[in-house]
Amino acid sequence: MAGKQVEIKEAENHRDLRAFINFPFSLYKNNAHWVPALRSDDLNTFRSDRNPAFEFCRAKFWLAYQDGRVVGRVAGIINQRHIEKWQQRYARFGWMDFVDDRAVSRALLETAEKWARENGLEALHGPLGFTDLDREGMLVEGFDEMGTLATYYNFPYYMDHMQEAGYLKDTDWVEYEIQIPEKPQEKIVRLAEIVMRRNNLRLLTFNKTKNMLRYADAVFDVLDETYSHLYGVTPLDQKQVDAYIKQYFGFISPDFVPVVVDKEDNLIAFGIALPSLSDALRKARGRVLPFGFIHLLKALHVNDKGDLYLVAVKHAYQGKGVNAILISRMIEVFNSFGIRSVESNPELEDNLHVQAQWKHFDHRQHKKRRVFIKHLT
């Protein structure tokens, strides 16, 4: 395939966006570790009439063709809130996939770079999404490990292509597999009890989604506060919060969302986990209908693997052991569902406070992913 002419075409209509979404399904069809996103979620993300992020972001979606066949894709994003908050005139690239042909990856990157320059920007970095809740980071270690709903998977050759195109490391995330003890850990249980008593806190658990939804807005308030200093994070507005609640809170099992409140019932910490959907998404081929929902429902009820998605503690309560309350509850829930191991999902490599939590468990650091950057001036 190398040496064939590459044509770059912008995805400008619904048909093109479908081709953009579907390309990875052909690229990774024989790969045992790739986990697709839900196609409907991707379509909602890419459509300006469905994704509130388009109120402060501009985006382009490009497809690469050789001999009339799609061989690559990339999105370019200009996030105005990132530029204003971080004082960095950067554009983002995301959702980048390509066959092992330097001409293809080079054409995609040069197209995104040209667009960034035309808009007066000084660098291109990624893979990143519209917000920190989109998939981000290119896999650079752990290619023989199963992916998750929350992360990209990519072939090992991607990193070589990026480096040859002049891209350097900007930051890395690490990921862990954590073994769940079969019995509650007395040390963590005792610490959780002491922390709640000393700080006049309560652990809330839910058995119905409608009860959990009462705290949904507060969850995003704590998330905004806790994650605000992390790489590339921009604040979420109410429209985005409403969209995420509609998109995700409908299928999150309330058992897996422990919430900690103070004596005035103000939410000060939360965790969100789920049984792993990796195998189910592969079997469903990224579709809920007509039969994909069967695989997803089964995975939510019969599973020995889990995923940790979000854990956040308000700044005023950090360093006081509040995480022990969440961890103690999650171990209890994981055991009740028969979950024996969980994926941490990405944690910034210098976030040692978060990584220190896993020292209490059998664990291994098995994946690493990277944001690359290229300065254009």
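See the structure above.
Criteria and cut-off values
- Residues numbered from 1 in each chain as written.
- Predicted model: local features only at pLDDT ≥ 70, side-chain atom pairs only at ≥ 80, totals over all residues.
- Heavy atoms only, no water.
- Helix = DSSP H or I, 4+ residues; strand = E, 2+ residues; numbered from the N terminus.
- Contact = heavy atoms within 4.5 Å.
- Patch = residues over 30% accessible without salt bridge, like charges linked within 9 Å, V, L, I, M, F, W, Y side chains within 5 Å.
- Areas by Shrake-Rupley, 256 points an atom, 1.4 Å probe, with all protein chains shown as cover.
- Salt bridge = Lys/Arg side-chain N within 4 Å of Asp/Glu carboxyl O.
- Lys, Arg positive; Asp, Glu negative; His and termini not counted.
- Charge placed at Lys NZ, Arg CZ, Asp CG, Glu CD.
- Buried < 20%, exposed > 50% of the residue type's maximum accessible area, 1.4 Å probe, protein only.
- 1 Å grid on protein atoms, 1.4 Å probe; cavity = no way out; pocket = protein on both sides within 12 Å on 5 of 7 lines; lining within 4 Å.
- Points joined across faces, edges and corners; volume = space filled by probe spheres on them.
- Core = buried A, V, L, I, M, F, W, Y, C linked by side-chain atoms within 4.5 Å.
- Polar contact = N/O pair within 3.5 Å; in protein donor to acceptor, adjacent residues only side chain to side chain.

Engineer: Any details on the environment of F130? Residues and values, ideally.
Structural biologist: Within the fold, F130 resides in the loop between β5 (123-126) and β6 (138-141). With 37 residues separating them in the primary sequence, F130 and F93 have C-alpha atoms 9.6 Å apart. With residues near it in sequence (within four places) discarded, F130 still touches T45, N51, A53, F54, C57, A59, F61, I77, N79, R92 and W95.

Engineer: Give me the lowdown on a positive patch on the surface, citing residues and values where you can.
Structural biologist: A cluster of like positive charges, contributed by R18, R50, R285 and R287, occupies part of the molecular surface. Within the secondary structure, R18 is located in helix α1 (residues 14-27). Classification of R18 by relative accessible area gives partly exposed; the value is 36%.

Engineer: Talk me through empty space enclosed by the protein; I want residue IDs and the actual numbers.
Structural biologist: Going through the model one piece at a time under the given rule, you end up with four cavities of 30 Å³ or more. The space that makes up the largest cavity amounts to roughly 140 Å³. If you trace the largest cavity, you find 14 residues lining it, with P24, W34, A37, R73 and R135 closest to the centre. Those elements that place two or more of their residues in the lining of the largest cavity are α1 and β4 (90-98). With three residues, the top contributor of residues to the lining of the largest cavity is α1. In this model, the second largest cavity occupies a volume close to 90 Å³. Along the walls of the second largest cavity sit T131, D132, L133, L223, D224, Y227, V233, T234 and L236, which together make up its complete lining.

Engineer: Tell me about unusual backbone geometry, residues and numbers included.
Structural biologist: With an omega dihedral of 5°, the bond running from G126 to P127 counts as a cis peptide bond. Along the polypeptide, P127 turns up in the loop between β5 and β6. In this structure, P290 follows L289 across a cis peptide bond, with omega equal to 5°. One can find P290 in the loop between α10 (278-284) and α11 (292-301). Not every positive phi belongs to a glycine, and D265 is a case in point at roughly 70°. You can see D265 is positioned in the loop between β9 (259-261) and β10 (267-275). Phi at R285 is positive, roughly 55°, even though this residue is not glycine. Topologically, R285 is positioned in the loop between α10 and α11.

Engineer: Break down the nonpolar core for me, citing the residues and quoting the values.
Structural biologist: Judged by nonpolar contacts, the single largest core of 60 residues is most densely connected at F61 and F130. Taken together, the elements giving at least two residues each to this core come down to α1, α2 (39-46), β2 (57-66), β3 (69-79), β4, α4 (102-118), β6 and α5 (157-164). A per-element tally of this core places α4 first, with eight residues. Beyond its immediate stretch of four places on either side in the chain, F61 contacts K9, E10, A11, L17, F20, F46, F54, V74, A75 and F130. In this structure, F206, V257, L267 and F270 belong to the second largest nonpolar core, which totals 31 residues.

Engineer: Describe the side chain of R39, naming the residues involved and giving the relevant values.
Structural biologist: Its place among the elements puts R39 in helix α2. For the buried residue R39, which engages in no salt bridge, the nearest side chain bearing the opposite charge is D42, 8.4 Å off. Only 2.6 Å separates the side chain of R39 from the side chain of N22, close enough to count as a polar contact.

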